[in-house]
Amino acid sequence: MSMLKCGIVGLPNVGKSTLFNALTACQVASSNYPFCTIDPNVGVVDVIDPRLQVLSDLSKSKKLIYASMQFVDIAGLVEGASKGEGLGNKFLANIRETDAIVHVVRCFESEDITHVSGSVDPIRDIEVINLELVLADLQSVESIVVKLEKQSKGNKELLPTIDVLKRIRDHLNEGQPVRTLEFTKEEEECLKPYPFLSSKKVLYVANIAESELPGTDHPLVQKVREFAEAEGNSVITISCEVEQQIAQLEEVEQKEFLESLELDESGLQKLVKASFKMLGLITYLTTGEIETRAWTIREGTNAQLSAGEIHTDIQKGFIRAEVVKFDDMVEFGSRAAAREAGKVRAEGKEYIVEDGDVILFMHN
């Protein structure tokens, strides 16, 4: 699958640029992606998975390749973006191209950094951006309904689509994002040609001061969490300022710095993992002397389609998948030893691949 994108949004002075600078400081070297040009406002970041190093050591691999995520810095939001204010049209077009939204909200007080609205209120900030997405969607749905109603005079099959779009229009008119509506599978099929901005999943990043880490009990973070839960979305707490400091350190120094803050991992890795989970992604693993690698698939993908991530020829010529659970691979030390212990399973093309499966594909 092509690398999925998360768009980073936020009002001015909430820490969005600081977070993005930290992301780009530790982004994957673009030489790993020979067929894609990485723009200045795009960061590609590894999903650090300790299982890969373990497998690499067992296989004595020459190379180790993590899964990765793409983050896009979406600039230009001001109130009125849906009407083209500021860089509004560009902002909305950039969001349309992403798979999900990472929304940075300010949960820290600072005399040095003024807030665009004069005070710190994360829910108000969230609602400003949500409203712009809702208004942009409202403009879209109204023009789509008018167009489809004209077409429906000669094509009654469009009526169910028009009905669901009218329900969306009424919901948006109440100021509610599309993602808070529930749809049947048939309705979801009708809506596939219309990727509404406010239907995208959102991960809220509550940006707190370094002194307030880990910040899970922070009253402003709790407000954001309650808001997100009502929408069916998630929240992580990060100090963007700390992340920028970490990004400038060598790997050994990073570990020492995190330990001094009593943190298990950086906020960036929390962000990457949470984004991965939000998009319903998992990884299966391959290992050998040449490389140990994580392959990204959507949860629920079968073995034959998963094989296609490596090469379409493997998918077409699929015979079977030899699957070992990661823990069994580690316990027995090799695929051969795991096979002797009866821990290697031969699975057919319809086997649903699970996160952390160590797979060898047999193919024509």
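Counting from 1, residues in each chain are numbered in the order their sequence is written. Under the rules for a predicted model, residues below a pLDDT of 70 receive no local features and side-chain atom pairs below 80 are neither given nor counted, while totals for whole chains, interfaces and linings still include all residues. Hydrogens and water molecules were not included; the side-chain quantities draw on all heavy atoms of the structure.

Packed helix pairs are characterised by how far apart their axes lie and by the angle those axes make with each other. Between helix α8 (residues 240–247) and helix α9 (residues 251–260), whose axes approach to 9 Å, the crossing angle comes to 150°. When the axes of α8 and α9 are compared, the pair comes out roughly antiparallel. Across the interface between the two elements, Val242, Gln245, Ile246 and Ala247 from α8 touch Gln254, Phe257 and Leu258 from α9. The nonpolar class holds Ala, Val, Leu, Ile, Met, Phe, Trp, Tyr, Cys and Pro. Asp, Glu, Lys and Arg form the charged class, and all remaining residues, Gly among them, are polar. Residues of the contact of α8 with α9, tallied by class, amount to five nonpolar, two polar and no charged. Each axis is a line fitted through C-alpha atoms, and for a helix only the stretch in contact is used; angles between axes span 0 to 180 degrees, taken between their N-to-C directions. Put simply, DSSP H or I for four residues or longer makes a helix, DSSP E for two residues or longer makes a strand, and each gets a number counted from the N terminus. Angular relationships are summarised with four words: roughly parallel below 35 degrees, roughly antiparallel beyond 145, roughly perpendicular across 65 to 115, and oblique for the angles in between. The contact criterion used throughout is that any non-hydrogen atoms of two residues lie within 4.5 Å.

Confidence of the predictor at the level of single residues is given by pLDDT, which spans 0 to 100. Predicted confidence across the protein gives a mean pLDDT of 87, with 89% of residues reaching 70 or more. When the elements of the protein are averaged for pLDDT, helix α3 (residues 88–96) gives the smallest value, 73, and strand β10 (residues 318–325) the largest, 98.

Here we take up the pattern of salt bridges. One speaks of a salt bridge when a side-chain nitrogen belonging to Lys or Arg is within 4 Å of a carboxyl oxygen belonging to Asp or Glu. All chains considered together, the criterion is met by 15 salt bridges. Across the pair Glu322 and Arg320 runs a salt bridge whose closest N-O atoms are separated by 3.9 Å. Taking relative accessible area as the criterion, Glu322 reaches 9% and is therefore assigned buried. Between buried and exposed lies partly exposed: a residue is buried under 20% and exposed over 50% of the maximum accessible area for its type, with that area taken using a 1.4 Å probe on protein chains only. You can call Arg320 partly exposed: its relative accessible area is 34%. Across the salt bridge formed by Lys325 and Glu354, the nearest N and O atoms sit 2.8 Å from each other. In this pair, Lys325 is assigned in strand β10 and Glu354 in the loop between β11 (345–347) and β12 (357–363), connecting sequence segments 29 residues apart.

Ranked by size, the top nonpolar core spans 77 residues in total, and within it Met69, Phe71 and Leu271 carry the most contacts. Apart from residues no more than four positions distant in its own chain, Phe71 is found in contact with Cys6, Ile8, Phe20, Leu23, Asn41, Val42, Gly43, Val45, Val102, Leu271, Val272 and Ser275. Judged by nonpolar contacts, the second largest core, of 17 residues, contains Leu148, Leu165, Leu181 and Leu191. In plain words, nonpolar cores are sets of buried Ala, Val, Leu, Ile, Met, Phe, Trp, Tyr and Cys residues tied together by side-chain atoms within 4.5 Å.

Another aspect to go through is the environment of His171. If you trace the backbone, His171 turns up in helix α5 (residues 159–173). Spatially, the C-alpha atoms of His171 and Val134 are 9.5 Å apart, while their sequence positions differ by 37 residues. If we skip the residues at most four places from it in the chain, His171 touches Gln176, Pro177, Val178, Thr180 and Leu181.

A contiguous patch of negative charge on the surface is contributed by Glu250, Glu251, Glu253, Glu256 and Glu259. Structurally, the position occupied by Glu256 is in helix α9. Exposure above 30% relative accessible area and the lack of any salt bridge qualify a residue for a patch; like charges then connect within 9 Å, and the nonpolar side chains Val, Leu, Ile, Met, Phe, Trp and Tyr within 5 Å. Each accessible area is a Shrake-Rupley result for a 1.4 Å probe, and residues are judged covered by the shown protein chains and nothing else. His is not counted here, nor are the chain ends, while Lys and Arg score as positive and Asp and Glu score as negative. A charge is said to be at NZ when it belongs to Lys, at CZ for Arg, at CG for Asp and at CD for Glu.

To continue, consider the packing of aromatic side chains. Two rings from Phe, Tyr or Trp (for Trp, the six-membered ring) form a pair when their centres are within 6.5 Å of each other. A pair whose planes differ by under 30 degrees is stacked, one over 60 is edge-to-face, and the rest are tilted. Under the defined criterion, the tally for this structure stands at three aromatic pairs. Residues Tyr204 and Phe227 carry aromatic rings whose centres are separated by 6.2 Å and whose planes lie at 85° to one another, so their mutual orientation is edge-to-face. With a gap of 23 residues between them, Tyr204 in strand β6 (residues 202–207) and Phe227 in helix α7 (residues 219–231) connect regions that are remote in the sequence. Taken as a pair, Tyr204 and Phe227 share a single burial class, namely buried. By the ring-pair criterion, three or more aromatic residues cluster together here, those being Tyr284, Phe318 and Phe361. Distance and angle both matter: a charge sits over a ring if NZ of Lys or CZ of Arg is within 6 Å of the ring centre and within 35 degrees of the ring normal. One cation-aromatic arrangement involves Arg106 over Phe108; the distance from NZ or CZ to the ring centre is 4.4 Å. Cation over ring: Arg293 sits above Trp295, and NZ or CZ is 4.1 Å from the ring centre.

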